[in-house]
Amino acid sequence: MPAWRDLSPQQVADIYAWLTTLRTKADNKALSTASIAQGAELFANNCTSCHGVNGDGQGPAAALYKPAPFDFLHQQPDAQEIDRVLRQGVPGTAMPPFPTMSAAQRAALASYVRSLHQPEKAANTHP
Ligand code: HEC
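In this convention, every chain numbers its residues from 1, walking through the sequence in written order. The model is predicted, so local features are restricted to residues of pLDDT at least 70 and side-chain atom pairs to those at 80 or more, both for listing and for counting; the totals for chains, interfaces and linings are taken over all residues.

> I keep staring at the overall build of the protein and nothing clicks. Help me out?
Runs of E in the DSSP output that reach at least two residues are strands. Runs of H or I that reach at least four are helices, and both are numbered from the N terminus. Helices and strands together make up the secondary structure of the protein, namely six helices and zero strands. Out of the 127 residues in the protein, the part that is buried amounts to 20%. As a rule, residues whose C-beta atom has 12 or fewer other C-beta atoms within 10 Å are exposed, those with 20 or more are buried, and those in between are partly exposed; C-beta atoms are placed from the backbone.

Listed below in C-alpha cells is the structure:
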C-alpha cells in the first residue's frame, strides 16, 4: 500500500470518489448478502401473495386491493419507512403489520425489498 503522499492529487480524488460510492451504496441498501438472503426468504413466505414473487406488486391477491400493493421494481421506500410499515402496517389499506417480526428480520426485509429496485429500467439514459 503506497503512502498517501506518493499519490497524485488526481489519484487521491479518484480514491475518495470511489470510497464515497461505496459508502453511499452501503447506506442506501445496507448491503449484506446474508441479510438479503434472509429477507428473500421472509418475503417469499409473507409478502408475495400481494407484492408478487418478484416484487412487482402483481401477487395473486393484488387485484383485490385498492390501493394496490407497492411495486418494488419501480418504487423504493427507504429502509426506515419499510421498518415503520412492517411494525404498523398502512392503516386504511390491505398492508398488514407484522408485529412478531424482530428488528433483524425487518432490516433483512428492508435490504431485500430495496435490492429489487431497478432504476435503470425506469429511466434508461444509456441505450
Ligand atoms: C394482504 C396484502 C399484503 C401483504 C401480505 C403485504 N403487503 Fe405490503 N402493501 C400492501 C398494499 C395494499 C400496499 C399499498 C399501501 C399504500 O398504498 O400505502 C403495501 C405497501 C407496502 C409498502 C410501502 C408502504 C409505504 O407507504 O411506503 C411496503 C414497504 C410493504 N408493503 C412491504 C411489505 C412486506 C415487506 C411484506 C411482507 C412482510 C408485505 N408488504 C406484505 C399489501 C400487502
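Moving on, there is more to tell.
> Even after reading the chapter, I still don't get unusual backbone geometry, so can you show me in this structure?
Across residues other than glycine, the phi torsion is negative in most instances, and most of the peptide bonds are trans. For the bond running from lysine 66 to proline 67, omega is 0 degrees, close enough to zero to count as cis. In this structure, proline 67 sits in the loop between helix H3 (48-51) and helix H4 (79-88).

> Help me out: how do you make sense of helix H5 (residues 103-115) in this one?
Each turn of an α-helix holds 3.6 residues, which means side chains three or four residues apart point in the same direction. With 13 residues, H5 ought to run about 18 Å at 1.5 Å a step, and its terminal C-alpha atoms sit 18 Å apart, in line with that. Among the residues of H5, those classed as buried are Arg106, Ala107, Ala108, Leu109, Ala110, Ser111, Tyr112, Val113 and Arg114. Every helix has an expected span of 1.5 Å times one less than the residues it contains.

> I tried to follow the nonpolar core on my own but got confused; where do I start?
One broad rule of soluble globular proteins: the nonpolar side chains tend to lie buried together. Counting 15 residues, the largest nonpolar core has Ile82, Leu109, Ala110, Tyr112 and Val113 as its most contacted members. Counting only elements with at least two residues in this core, the list comes to H4 and H5. Among the elements that take part in this core, H5 stands out by supplying six residues, more than any other. Non-local contacts of leucine 109, meaning those with residues more than four positions away in its chain, are made with Gly39, Leu42, Phe43, Ile82 and Leu86. Defined on buried residues, the nonpolar core groups Ala, Val, Leu, Ile, Met, Phe, Trp, Tyr and Cys residues joined through C-beta atoms within 7 Å. C-beta atoms are placed from the backbone for every residue, and two residues are taken to be in contact when these atoms lie within 7 Å.

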